[in-house]
Amino acid sequence: MNKAVILVGGPSRATRFRPLSMHLPQPLFPVGGQPIIWHQIKALSAVKDLREIILIGFFEDFIFQPFLSKCQDEFPSVTFKYLREYSQLGTAGGFFHFRDQILRGSPKNIFMLYTDICCSFPLNELLAQHERHGRLGTIMVTKVDRASAHLYGCVVVDHETKLAEHYVEKPETYVSDMASTGVFVFDQEIFHFMARVMEKRASEFEHERVQESAYGRYDDGDDSQNINRLRLEQDVLRAMAADKKLSAFLCTGFWRQIKSAASAVPANALYLQQAHESSDIILAESSNEGAEIKGAVYIHPSAQVHPTAHIGPNVSIHARVVIGPGVRINDSIILDNVHIKDNAVVLHAIVGWDCRIGKWGRVEGSKVTKANDIDEVTQSGVKLNSICILGEDVHVKDEVFIRNSIVLPHKELAGNKHNEVIM
Ligand code: GTP
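Residues numbered from 1 in each chain as written. Predicted model: local features only at pLDDT ≥ 70, side-chain atom pairs only at ≥ 80, totals over all residues. Heavy atoms only, no water.

The chain goes by mannose-1-phosphate guanylyltransferase in an unreviewed UniProt entry, where it is assigned to Coemansia reversa. Turning to the chain, the UniProt record has this under Catalytic activity (unreviewed entry): "alpha-D-mannose 1-phosphate + GTP + H(+) = GDP-alpha-D-mannose + diphosphate". Taken from UniProt, the Pathway (unreviewed entry) comment for the chain reads in full: "Nucleotide-sugar biosynthesis; GDP-alpha-D-mannose biosynthesis; GDP-alpha-D-mannose from alpha-D-mannose 1-phosphate (GTP route): step 1/1." (UniProt positions renumbered as here; feature names shortened; annotations may be inferred.)

J.: Run through the pattern of salt bridges, naming residues and quoting values.
T.: Under the definition given, this model contains twelve salt bridges. The shortest N-O distance in the salt bridge between Arg320 and Asp336 comes to 3.9 Å. With Arg320 in the loop between strand S18 (315–317) and strand S19 (322–323) and Asp336 in the loop between strand S20 (328–334) and strand S21 (339–340), this residue pair connects regions lying 16 residues apart in the sequence. Take Arg320: its relative accessible area is 46%, and that puts it in the partly exposed class. Here Glu364 makes a salt bridge to Arg362, at a shortest N to O gap of 2.8 Å. Residues joined by salt bridges that share partners form a network here, namely Lys3, Glu52 and Lys81. (Salt bridge = Lys/Arg side-chain N within 4 Å of Asp/Glu carboxyl O. Helix = DSSP H or I, 4+ residues; strand = E, 2+ residues; numbered from the N terminus. Buried < 20%, exposed > 50% of the residue type's maximum accessible area, 1.4 Å probe, protein only.)

J.: Just give me the short version of the sheet that holds S21, but keep the residues and values in it.
T.: Spatial ordering of the open sheet is given by S16-S19-S21-S23-S26-S29, a layout of six strands whose pairing is parallel. Sheet topology places strand S16 (304–305) and strand S29 (412–413) at the edges, where each strand pairs with a single neighbour. With two bridges connecting them, S21 and strand S23 (residues 356–357) associate as parallel partners. Looking across to S23, one finds that His339 is bridged to Arg356. (Pairing = 2+ DSSP bridges.)

J.: I'd like to hear about the domain arrangement of the chain, residue by residue, with values.
T.: Many authors give the size of an interface as the accessible area that is lost as the parts come together. Each domain of the chain was delimited in the assignment, giving domain 1 (2–200 + 228–257) and domain 2 (292–418). Centre-to-centre, using C-alpha coordinates, domain 1 lies 32 Å away from domain 2. On the domain 2 side, the residues contacting the 16 residues of domain 1 number 20 residues. Interface of domain 1 and domain 2: buried area, both sides summed, is about 1400 Å²; carbon and sulfur atoms make up 68% of it. (Domains from an automatic or database assignment. Contact = heavy atoms within 4.5 Å. Buried area = accessible area lost by both parts, 1.4 Å probe.)

J.: Talk me through the packing of aromatic side chains; I want residue IDs and the actual numbers.
T.: Here the structure, examined in full by the defined rule, presents eleven aromatic pairs. Residues Phe29 and Trp353 carry aromatic rings whose centres are separated by 6.1 Å and whose planes lie at 90° to one another, so their mutual orientation is edge-to-face. Of this pair, Phe29 sits in the loop between strand S1 (2–9) and strand S2 (30–31) while Trp353 sits in the loop between strand S22 (345–351) and S23; the two residues are 324 residues apart in sequence, bridging distant segments of the chain. The exposure class assigned to Phe29 is buried, which follows from its relative accessible area of 0%. Ring plane angle 50° and centroid distance 6.3 Å describe the contact between Trp38 and Phe75, whose orientation is recorded as tilted. With Trp38 in helix H1 (residues 36–45) and Phe75 in the loop between helix H2 (65–74) and strand S5 (79–84), this pair connects stretches of sequence that are 37 residues apart. Ring pairs connect the aromatic residues Phe95, Tyr114, Phe184, Phe186 and Phe191, which therefore count as one cluster. (Phe/Tyr/Trp six-rings, centres within 6.5 Å; stacked < 30°, edge-to-face > 60°.)

J.: If you had to explain the state of the cysteines to someone new, which residues and values would you point to?
T.: Enumeration over the complete set of coordinates arrives at zero disulfides. Cys118 takes part in no disulfide bond, and the closest cysteine sulfur, belonging to Cys119, lies 7.4 Å away. Free of any disulfide, Cys251 has its nearest cysteine sulfur in Cys119, 4.2 Å distant. Residue classification places Cys251 among the buried residues on the basis of a relative accessible area of 3%. (Disulfide = S-S within 2.5 Å.)

J.: Quick one: what's the story with the pairing of strand S9 (residues 153–158), residue by residue and with numbers?
T.: For S9 and strand S10 (residues 163–169), the ladder comprises six bridges, and the chain directions are antiparallel. Directly across from Val156, in S10, lies its bridge partner His166. The turn linking S9 back onto S10 is made up of four residues, and Lys162 within it adopts a positive phi angle of 65°.

J.: Describe the pairing of S1, and please don't skip the residues or the numbers.
T.: Most of S1 sits inside the fold, with eight of its eight residues counted as buried. Burial along S1 is two-sided: the residues Asn2, Ala4, Ile6 and Val8 and Lys3, Val5, Leu7 and Gly9 are all buried. Here S1 pairs with strand S6 (residues 109–114) via six bridges, running parallel. Within the sheet, the bridge partner assigned to Ala4 lies in S6 and is Phe111. Pairing of S1 with strand S4 (residues 50–57), which is carried by seven bridges, proceeds in the parallel orientation. If you follow Lys3 over to S4, its bridge partner there is Glu52.

Below, the structure written as structure tokens:
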């Protein structure tokens, strides 16, 4: 049998996802009508012989319980567990720390997935290639454009043997256009390899500690000085590549990171388009017949959309939202309990929980075109070329135009704003 681990991080991570992560943890933020992490879980549930999915993070235990109970009902062939790190252990530290629990039942292969990505997740193909080549692990890579390769973990791949020859995290000079996607599969023997990495680190660490103490620079409370902290990319994958124990699998479907709040909009579009093409989930509900729906649109059954509204493409409308007559929305996420009044326009935006947009109001961002995740946000009126984000409970008055701005929760906007971060 096989198992999977999803790294969900903790409250101190995902800072670029603010202000949306002030309301709920980033893994539970909805894109394509479902929490980000649901898409990982759905793909994993279709992997052959996959029996258990373990979430590892440093959020409090109760945070994921309601979500995991729902998943248990929806994906009954898999069991779910949340394991909490006592402190931030890095992208491989928690995985190594909980190895006894992960190895329970002796899984042959163990998937590891990051949360902050959206992807077509060709996991069965990944597993098939991994088993064919029989190396200790396989990293899923995607081709990125040469100019942005330095933003990613880059892998030099021998395309014939599928061997990952080198792994370099965010290289300063160009080494490869094959970027790590945050999706991996390992043989259960990985923990022996990691144990050796840990031993080596421990001796280096002790050496450094002695030196730092001699200069009075050693800080016991500093997280980066935690001996149990382990980074998957720099500490483990790099060593695996050097030992010729790592394969690479090329993902030819879609992939992008979900790091900033702005990147949730293109991720939403990708998942909606995927669902639209596969008729996988019911997107626009019949109770909203009459409204002009264009392209891939998700409308929660409890939302009310006026028959004269124009919705789509790439729009998610969540629970209890009310959309008035003549409203136009595209490329946006409208979260629970939002009320958008007559003839308002919402383009390239995220409208937070409980927001109100008045009649003839306009909330408009720019299209996110870059495949990477550089969103130009500034504090002081300089270029803010991104989508528009309204935090929770923001009221935009009638006829007010909010453009390319980020608004923190609980604000009332009575005048136009352009390129601002409104605190
Ligand atoms: P950046 O580009 O610098 O953000 O690095 P990255 O792409 O490697 O991402 P990062 O290391 O920040 O996180 C990758 C995934 O691991 C995300 O889903 C995080 O939530 C998760 N993660 C990061 N650090 C930890 C950690 O200490 N513990 C756990 N459990 N998860 C983590």
